[in-house]
Amino acid sequence: LSLFAVWPSAVPLVLRSGCLSMSTEKSVREAVGSCPVCGMDSRELLFEALIDNVSFAAPGAWDLYSCANCRCGYLYPMPDARTLDLAYKNYHTHDRSSFGPEPLRRSLAAKIRRALGNGYRNWRFGTQRRPATRLGVFVTHLAPAFRHNIDLAFRHLPRPAQGARLLDVGFGDGSFLLNAQEAGWHVAGVDTDPVVVGAAQAAGLDVRRGGIESFFDQQGRFDVITLSHVIEHVPNPVEVLSTANRLLKPGGRLWLATPNIDSLGLRCFGRHWRGLEAPRHLVLFGINSMRLALARSGFRRVRYIPRADATREMVRASNEIRRKVGGGQSGIMASRAMALGLLAAARVSPSRAEFINLIAFKD
Ligand SMILES: [Zn+2]
């Protein structure tokens with residue numbers, strides 16, 4: 001049973017007052033074109049005239065439709081190349097590159113935390129970090145949020161077999177590539193940003209500039225491929241996932257994270273929901289459309305990872321967007337209550353969480 005079936009009576013009044021009704025935002029419109037996930041051409045308008053309310057880099061407005069068949073969301077028409085060029089101008093993953101010296105942490109609490117975290121990292125992922133205490137294995141099991149953040153930084157990797165290879169698509173600041181390398185993986189990466197590609201190459205990493213197809217010469221060569229907040233940025237998600245399937249060895253795994261268009265956050269914040277991010281997010285998935293996209297790409301076995309953790313940040317960021325574009329904002333208590341309500345809902349019904357996070361296996 002989905003919790004959404006009993007929404008909004010199951011949540012406190014303070015949450016309901018902050019939520020927009022979807023029906024006022026939505027009207028049915030027929031147009032010609034096809035869903036990037038299932039190929040059907042009937043769709044419903046979800047939000048009209050979305051603007052770049054995250055980085056304000058691209059002028060213009062875009063309509064987001066919901067496919068009447070698979071329920072994925074997609075911008076139609078898709079933004080053109082010139083618009084996307086502008087949209088990514090202020091999208092500086094290279095401003096926070098990981099290829100530099102680590103900042104020193106001085107406080108005693110930070111040092112203890114670090115030693116505990118390292119104890120868990122070394123035990124779980126096979127890193128050799130110092131200082132470390134084995135006590136961390138025990139402590140992190142008592143503090144699931146702490147453990148969860150570390151697991152996420154390593155994208156739930158298994159211990160690598162001898163010579164195991166990993167490809168990160170859209171490696172951005174490179175922090176995950178370095179973590180995986182430290183855990184014993186032979187890492188490769190691909191990104192469209194020339195600055196981060198240059199920095200990673202200077203650090204001696206095997207990276208290429210472009211999309212996943214630039215590794216097409218290495219079919220069947222990877223044990224793990226990761227796509228963290230990438231699939232929503234591409235106009236052809238099924239093609240990208242199919243390529244990932246081809247590049248994996250049999251038994252290999254695809255790790256993927258993306259905003260969830262069926263989330264309660266979207267129901268509450270409507271067009272101000274941080275996950276929309278027009279015009280950079282071209283296609284948005286729910287569990288149903290994601291399952292379909294994976295099946296069409298050759299992935300049959302899928303394990304979903306519960307991601308209640310992102311709720312608080314999603315509420316904060318969505319509130320900020322609402323304030324910036326003059327749509328008002330919730331008070332601190334109201335947003336805390338909303339975050340707690342969404343968090344509880346996401347725990348009960350993961351299909352309504354803010355993010356979809358999964359591991360898909362190649363047969
Ligand atoms: Zn569809």
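Each remark here, short or long, concerns the structure printed above.
The model shown is predicted, which means the values in this text are computed figures rather than measured ones.

Here is what the cut-offs are and how they apply
- Throughout, residues of each chain are indexed from 1 in the direction in which the sequence is written.
- A pLDDT threshold of at least 70 governs which residues receive local features in this predicted model, and a stricter bar of 80 or more applies before side-chain atom pairs are shown or counted, although totals over entire chains, interfaces and linings include all residues.
- To get the side-chain values, all heavy atoms of the structure are used, and hydrogens and water are removed first.
- Water is absent from the atoms considered, so a metal site may look incomplete; donors are defined as N, O and S atoms within 2.8 Å of the metal, or 3.2 Å for Na, K and Ca.
- Sites are called tetrahedral only when four donors show all angles between 85 and 135 degrees, square planar or octahedral only when four or six donors show opposite pairs over 155 degrees and all other angles between 65 and 115, and irregular in any remaining case.
- Per the convention used, a helix needs a DSSP run of H or I reaching at least four residues, while a strand needs a run of E reaching at least two, with both numbered from the N terminus.
- The cut-offs for exposure are 20% and 50% of the maximum accessible area for each residue type, with area from a 1.4 Å probe on protein chains only; residues under the lower value are buried, those over the upper are exposed, and the others partly exposed.
- In this analysis, strands are considered paired if DSSP registers two or more bridges between them.
- Here the positive residues are Lys and Arg and the negative ones are Asp and Glu; neither His nor the chain ends is included.
- Any carboxyl oxygen of Asp or Glu within 4 Å of a side-chain nitrogen of Lys or Arg constitutes a salt bridge here.
- Here a polar contact means two N or O atoms within 3.5 Å. Within protein one must be a hydrogen donor candidate and the other an acceptor candidate, and residues neighboring in sequence count only if both atoms are side-chain atoms.
- Only heavy atoms enter the contact rule, under which two residues are in contact if any of them lie within 4.5 Å.
- Working convention: axes come from line fits to C-alpha atoms, limited for helices to the stretch in contact. Angles between N-to-C directions cover 0 to 180 degrees.

All right, on to the coordination of the zinc ion then. Reference values for angles at a metal are 109.5 degrees in the four-donor tetrahedral case and 90 or 180 degrees in the six-donor octahedral case. Ligation of the zinc ion by protein atoms is provided by Cys35 (SG), Cys38 (SG), Cys67 (SG) and Cys70 (SG), these donors lying 2.3 to 2.4 Å from the ion. Considering all 4 donor atoms around the zinc ion, angles at the metal cover 102 to 119° and the coordination shape is tetrahedral. Counting the intervening residues between successive donors of the zinc ion yields the motif C-x2-C-x28-C-x2-C. Of the two residues, Cys35 is situated in the loop between β1 (27-28) and β2 (43-50) and Cys67 in strand β3 (residues 62-67); the sequence distance between them amounts to 32 residues. In this structure Cys35 comes out as buried when scored by relative accessible area, which is 4%. Note on Cys67: relative accessible area 0%, which makes it buried.

So, about the pairing of β3. Within β3, 6 of the 6 residues are buried, leaving the element largely enclosed by the surrounding structure. Of the two faces of β3, both are covered, the one formed by Trp62, Leu64 and Ser66 as well as the one formed by Asp63, Tyr65 and Cys67. The pairing of β2 with β3 spans 5 bridges and is antiparallel. Paired with Leu50 across the bridge in β3 is Trp62. In this structure, β3 lies alongside strand β4 (residues 73-75), joined through 3 bridges in antiparallel fashion. When the bridges of β4 are listed, Ser66 appears paired with Gly73.

What follows is about the side chain of Arg121. If you trace the backbone, Arg121 turns up in helix α4 (residues 108-125). Within the buried set, Arg121 has no salt-bridge partner at all; the shortest N-O distance to an opposite charge, 7.4 Å, is to Glu182. Among the polar contacts listed, one links the side chain of Arg121 to the side chain of Asn118, at a separation of 2.9 Å. Ignoring sequence-local partners within four residues, the contact set of Arg121 consists of Arg114, Gly126, Thr127, Arg129, Ile150 and Phe154.

In this section: the sheet that holds strand β5 (residues 165-169). Reading across from one edge, β7-β6-β5-β8-β9-β12-β11 is the order of the 7 strands in this open sheet, with mixed pairing throughout. Looking at strand neighbours, the two that pair on one side only are β7 (206-209) and β11 (301-304), the edges of this open sheet. For this sheet, the mean inter-axis angle between neighbouring strands, taken without regard to orientation, is 15°. Sheet strands in contact with helix α8 (residues 194-202) are β6 (186-191) and β7, and its direction is about 160° off that of β7. Sitting on the sheet, helix α11 (residues 287-296) is in contact with β9 (248-259), β11 and β12 (355-361), with an inclination near 25° to β12.

So yeah, pure geometry; function would need other evidence.
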